[in-house]
Amino acid sequence: MQKLHCGKRMLALCLFLALIVGEGVPGKAAEVKTVTAEEPGDSGKTEETGEPEATEEPAVTEEPEESPMPTATPVDTPMPTAVPEEYVLTNEGAKYYKGGQTGIHYQKVKGKKIYHIVSYTTDTVQLSMSHKSTFTVYGGGSKKEVRKKLVSVSAGGVVRCHQKGKGETLYTIIQAESKVTGEKQYIYIYFKRKVFCENGNRITLYEKHSERLRFDYARKNLSISIENKKKAKLNKKGDVIGIKKGITYVTAKVKGSENNEIRIKIVVKEEPWLVNDKDRVYDYNDLTNDLHALRKKYPSQTGLSSLGKSWDGRDIWCLRIGSASAPRQLVIDAAIHAREWKNTQLAMRQAEDMLRDYSEYRERFRQVCIYVIPMANPDGVSLAQYGASVIRNEKLRKRCEKIGNFSIWKNNARGVNLNYNFPSGFSKKRKSKKPDYLSYPGKKAGSEKETKALMKFFKKVNPDASLNLHSTGSVLYWDFNVSGERYRRQYYLASKVHSFNGYRMMPKSGSTNANGGLADWLVYNREITSVTVETGTVRCPLPHSQFASIYKKNNKMLRWFMTKY
């Protein structure tokens, strides 16, 4: 019985140890080995060998130690006090140093570092301090200025400038005081001026014209944009260029600013013409006035001179387009025949058209100079338009009155056909023997003042080529009795003119033989390339109804000659 009792005690102890071991291995169930009392007749041998089993000594388990009691926390121990952070301005870009308080004459802060901020009179400045603070305006340009409150600061640290006029700047010092420690910091703010456009807030432009915008801030410090690019455009240099009639706006904003900007209204208009294409009778006075107006409007692009005086004292005007020192020279002349004065209007309108677009061809006109002689025979044109009454010289007037036929007059005031008066092929054969309105060549070659003036000019300038504007027939006279390189130059110019206006290129005939004409003298005597362009489709004087068609056909041709030839 005592053995059995001891066996039970051992069994209980083994079970207790098994439970402790099982709980000590996380995630693994405790293995419990059941121990039973020996049955009667058990020999104590193994089933396989019949040898007696080795008897293990039972493990001795130490008694568990008692857990210590927790230590009580003292009730009256105080928590540590938080140390306040340094009192500073946290605005990005603010600098901290002594001095540098330009413009402050009242309450300048001396001997200590203060913060410096740069802003604009148009913008607010939000001050951000590391402590909760109170803010006051401390200093400024003067005591009076501070009292006038040109600068204010809110309880939340928002600084505003109330002076925003043209060119105005402002300086202020703001005092910030910590509500936590009572410390003080000072912030110097320089408010720069509002951006201003020297051109004004409204600019009027003509189509194809430009104006450079000028601001009181450097171009690199501005962001400039334009709204409606169909009306005007803006280039990198700050030029606004009119494109089409209408209104658009340019905005210039100072980089880095919130509100420092200016909005400029751009009004684009159609440019009025100086040379009136509606003028049915374009006379010497119209020509003279328009030439002076063009010279005044385009002073750096043009030159105006008189090649000489006519017999009745009128100027033979010459308009220069481009540089007089350009290595290449070209000439357009018109109205050497009096009744063909409609070509004067054509030449002048074309000259103005070229000047309106001069900026597009600026480089061209450094290398090429265009001379326009719009009325080579001013006395004759005056006669053809108004009759003998406009001739001031009494002797000349009486001669003209005797001749008559003013509506179809071709000659000058002495009754000489200037286009028969040049030395090349000069002849009196098959021509009138005395002054008339049509074909008298003069007593001798180069006898007329107008002829002399033209010859002197061409000898001086010695142009590369010349276009002679005549009427009528819509044909080209070009095929002179020349060969080789001179022929090739003649053909090239004539074929290009034909490609634009479609005028027929006339074959070689008696009309291109040397006959005392200006073109004859240019080609044969001076070896200057020259093509005669006969405008119009009806007898001269051409009615004004022909002008629109003539201009349309020849505008691009004359533009090509001026800019490409």
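You'll find the structure just up there.
Just so you know, the residues in each chain are numbered from 1, in the order the chain's sequence is written. Only residues with pLDDT of at least 70 get local features here, since the model is predicted, and only at 80 or more are side-chain atom pairs given and counted; chain-wide, interface and lining totals rely on the full set of residues. In computing side-chain values, all of the structure's heavy atoms are included and hydrogens and water are not.

I keep staring at the nonpolar core and nothing clicks. Help me out?
Nonpolar side chains in soluble globular proteins generally cluster together in the buried interior. Residues Ile321, Ile370, Leu467, Leu493, Val531, Val533 and Phe561 are the most contacted members of the largest nonpolar core, which totals 61 residues. Setting aside residues up to four positions removed in sequence, Val533 forms contacts with Leu467, Asn468, Leu469, His470, Val475, Leu476, Val497, Asn501, Tyr503, Asn554 and Met557. Among the buried residues, those of types Ala, Val, Leu, Ile, Met, Phe, Trp, Tyr and Cys that are joined through side-chain atoms within 4.5 Å form a nonpolar core. Here the term buried applies to any residue with accessible area under 20% of the maximum for its type, exposed to any over 50%, and partly exposed to those in between, with areas from a 1.4 Å probe on protein chains only. The next biggest cluster of nonpolar side chains, apart from the first, holds 22 residues, and it includes Ile316, Ile336, Phe422 and Phe458. By the convention used here, residues are in contact when the closest approach between their heavy atoms is within 4.5 Å.

What's the story with the pairing of strand β11 (residues 222-226) in this structure? I'm lost.
Regular strands place their side chains on alternate faces of the sheet. Helix numbers and strand numbers start at the N terminus; a helix is a DSSP run of H or I with at least 4 residues, a strand a run of E with at least 2. Covered by surrounding structure in β11 are Leu222, Ile224 and Ile226 only, the residues Ser223 and Ser225 on the alternate face being uncovered. Strand direction decides the pairing type here: β11 and strand β14 (residues 246-254), joined by 5 bridges, are antiparallel. Within β14, the position partnered with Ile224 by the bridge is Ala252. At least two DSSP bridges between two strands are needed for those strands to be called paired.

Mind showing me how you'd approach the environment of Ser549 here?
Within the secondary structure, Ser549 sits in helix α11 (residues 547-563). By relative accessible area, which is 41% here, Ser549 ends up partly exposed. C-alpha of Ser549 to C-alpha of Gly536: the two residues are 13 residues apart in sequence and 8.4 Å apart in space.

Please clarify how the pairing of strand β18 (residues 328-334) should be interpreted in this entry.
The buried fraction of β18 is high, at 6 of 7 residues. Two elements, β18 and strand β19 (residues 368-373), share 6 bridges in a ladder whose sense is parallel. Within β19, the residue paired with Arg328 across the bridge is Val368. One ladder, built from 5 bridges, connects β18 with strand β20 (residues 465-471); its direction is parallel.

Is there a simple way to think about the pattern of salt bridges in this case?
Oppositely charged side chains can pair when the atoms bearing their charge come close. Each reported salt bridge corresponds to a side-chain nitrogen of Lys or Arg within 4 Å of a carboxyl oxygen of Asp or Glu. Within the structure shown, the criterion is met by 21 salt bridges. Note that Asp312 is salt-bridged to Arg314, the shortest N-O span being 2.7 Å. Judged on exposure class, the residue Asp312 and its partner Arg314 are both buried. One salt bridge in this structure joins Arg328 and Asp464, with 3.5 Å as the shortest N-O distance.

Looking at this model, I keep getting lost on helix α9 (residues 484-501). Mind explaining?
Because an α-helix completes one turn every 3.6 residues, residues spaced three or four positions apart along the sequence face the same direction. The terminal C-alpha atoms of α9 lie 26 Å apart, and with 18 residues this matches the ideal 26 Å at 1.5 Å per residue to within 8%. For α9, every residue scored as buried is listed here: Gln490, Leu493, Ala494, Ser495, Val497 and Asn501. The first or second residue beyond α9 is Gly502, which carries a positive phi of 70 degrees. A helix is expected to span 1.5 Å multiplied by its residue count minus one.

I'm lost on the packing of aromatic side chains in this one. Help?
Pairs were defined over the aromatic rings of Phe, Tyr and Trp, the Trp ring being its six-membered one, requiring ring centres within 6.5 Å. Orientation was assigned from the angle between planes: stacked under 30 degrees, edge-to-face over 60, tilted for the rest. Going through the model one piece at a time under the given rule, you end up with 19 aromatic pairs. On the numbers, 4.9 Å between centres and 10 degrees between planes, the contact of Tyr358 with Phe365 is stacked. Pairing Phe547 with Tyr551 gives two aromatic rings, centres 6.0 Å apart and planes at 15 degrees, and the pair type is stacked. One end of the pair, Phe547, and the other, Tyr551, are both in helix α11, 4 residues apart, so they sit about a helical turn from each other. You'll find Phe547 and Tyr551 in the same group, each marked buried. The structure contains a cluster of three or more aromatic residues connected by ring pairs, namely Tyr371, Phe422, Phe457, Phe458 and Trp521.

How do you make sense of helix α4 (residues 342-356) when you look at a structure like this?
Taking 1.5 Å as the rise per residue, α4 with 15 residues should run 21 Å; its terminal C-alpha atoms sit 22 Å apart, in good agreement. With 15 of 15 residues buried, α4 lies mostly within the body of the structure.

I'm lost on the sheet that holds strand β5 (residues 151-153) in this one. Help?
Strand pairing in a sheet is mediated by backbone hydrogen bonds. Such pairs are either parallel or antiparallel. Taken together, the 3 strands give an open sheet; going across it, the order is β3-β6-β5, and neighbouring strands pair in antiparallel fashion. The sheet terminates laterally at β3 (125-126) and β5, the two strands that pair on one side only. One ladder, built from 3 bridges, connects β5 with strand β6 (residues 158-161); its direction is antiparallel. What sits directly across from Val151, in β6, is Cys161.

Is there a simple way to think about the packing of helix α8 (residues 449-461) against helix α10 (residues 518-525) in this case?
Orientation is described by axes fitted as lines to C-alpha atoms, over the contacting stretch for helices, and by angles from 0 to 180 degrees between their N-to-C directions. Viewed as axis vectors pointing N to C, α8 and α10 meet at an angle of 30 degrees, and their least axial separation amounts to 12 Å. Judged by the inter-axis angle, α8 sits roughly parallel to α10. Read as a crossing pair, α8 and α10 show a hand that is right-handed. Of the residues in α10, those in contact with Met455, Phe458 and Lys459 of α8 are Leu518, Trp521 and Leu522. Of the residues contributing to the contact of α8 with α10, the split by class is 5 nonpolar, no polar and 1 charged. Here is the rule for angles: anything less than 35 degrees is roughly parallel, anything more than 145 is roughly antiparallel, 65 through 115 is roughly perpendicular, and the remaining ranges are oblique. In this scheme the handedness of a crossing depends on how the near helix is turned from the far one: anticlockwise by less than a right angle means left-handed, clockwise means right-handed. Gly is put with the polar residues, along with every residue not named as nonpolar or charged; the nonpolar set is Ala, Val, Leu, Ile, Met, Phe, Trp, Tyr, Cys and Pro, and the charged set is Asp, Glu, Lys and Arg.

How do you make sense of the sheet that holds β18 when you look at a structure like this?
One open sheet accounts for 8 strands, arranged β16-β17-β19-β18-β20-β23-β21-β22; its pairing is mixed. The sheet is open, and its two borders are formed by β16 (302-309) and β22 (504-505), each paired with just one other strand. By the bridge criterion, 3 bridges tie strand β17 (residues 315-321) to β19 in an arrangement that is antiparallel. Bridging across to β19, Arg320 finds its partner in Tyr371. Against the sheet, α8 touches β16, β17, β18, β19 and β20, its axis set at about 135 degrees to β16.

Would you mind going over the environment of Leu558 with me for this structure?
Position of Leu558 among the secondary structure elements: in helix α11. C-alpha separation for the pair Leu558 and Val497, spaced 61 residues apart in sequence, amounts to 8.3 Å. If we ignore the near neighbours within four places in the chain, the residues touching Leu558 are Ile332, Leu346, Gln350 and Leu467.

Help me understand a positive patch on the surface in this model?
The patches reported here contain residues having more than 30% relative accessible area and no salt bridge. Joining distances are 9 Å for like charges and 5 Å for nonpolar side chains (Val, Leu, Ile, Met, Phe, Trp, Tyr). For every accessible area listed, the method is Shrake-Rupley and the probe measures 1.4 Å; residues are considered covered only by the protein chains on display. Counted as positive: Lys and Arg. Counted as negative: Asp and Glu. His and the chain ends are not counted at all. Working definition for charges: the position is that of NZ of Lys, CZ of Arg, CG of Asp or CD of Glu. There is a patch of like positive charges on the surface, built from Lys395, Arg399, Lys428, Lys433 and Lys443. Here Lys443 is to be found in the loop between α7 (394-403) and α8.

So what exactly am I meant to see when it comes to the packing of helix α3 (residues 284-297) against α4 here?
When two helices pack together, their arrangement is given by the angle between their axes and by how far apart the axes lie. Running from N to C, α3 and α4 point in directions that differ by 10 degrees, and their axes come no closer than 12 Å. Overall, the two elements α3 and α4 adopt an arrangement that is roughly parallel. Judged by residue contacts, Leu287, Asp290, Leu291 and Leu294 of α3 engage Thr344, Met348, Glu352 and Leu355 from α4. For the contact of α3 with α4, the residue count by class is 5 nonpolar, 1 polar and 2 charged.

Shape descriptors only; they carry no functional weight alone.
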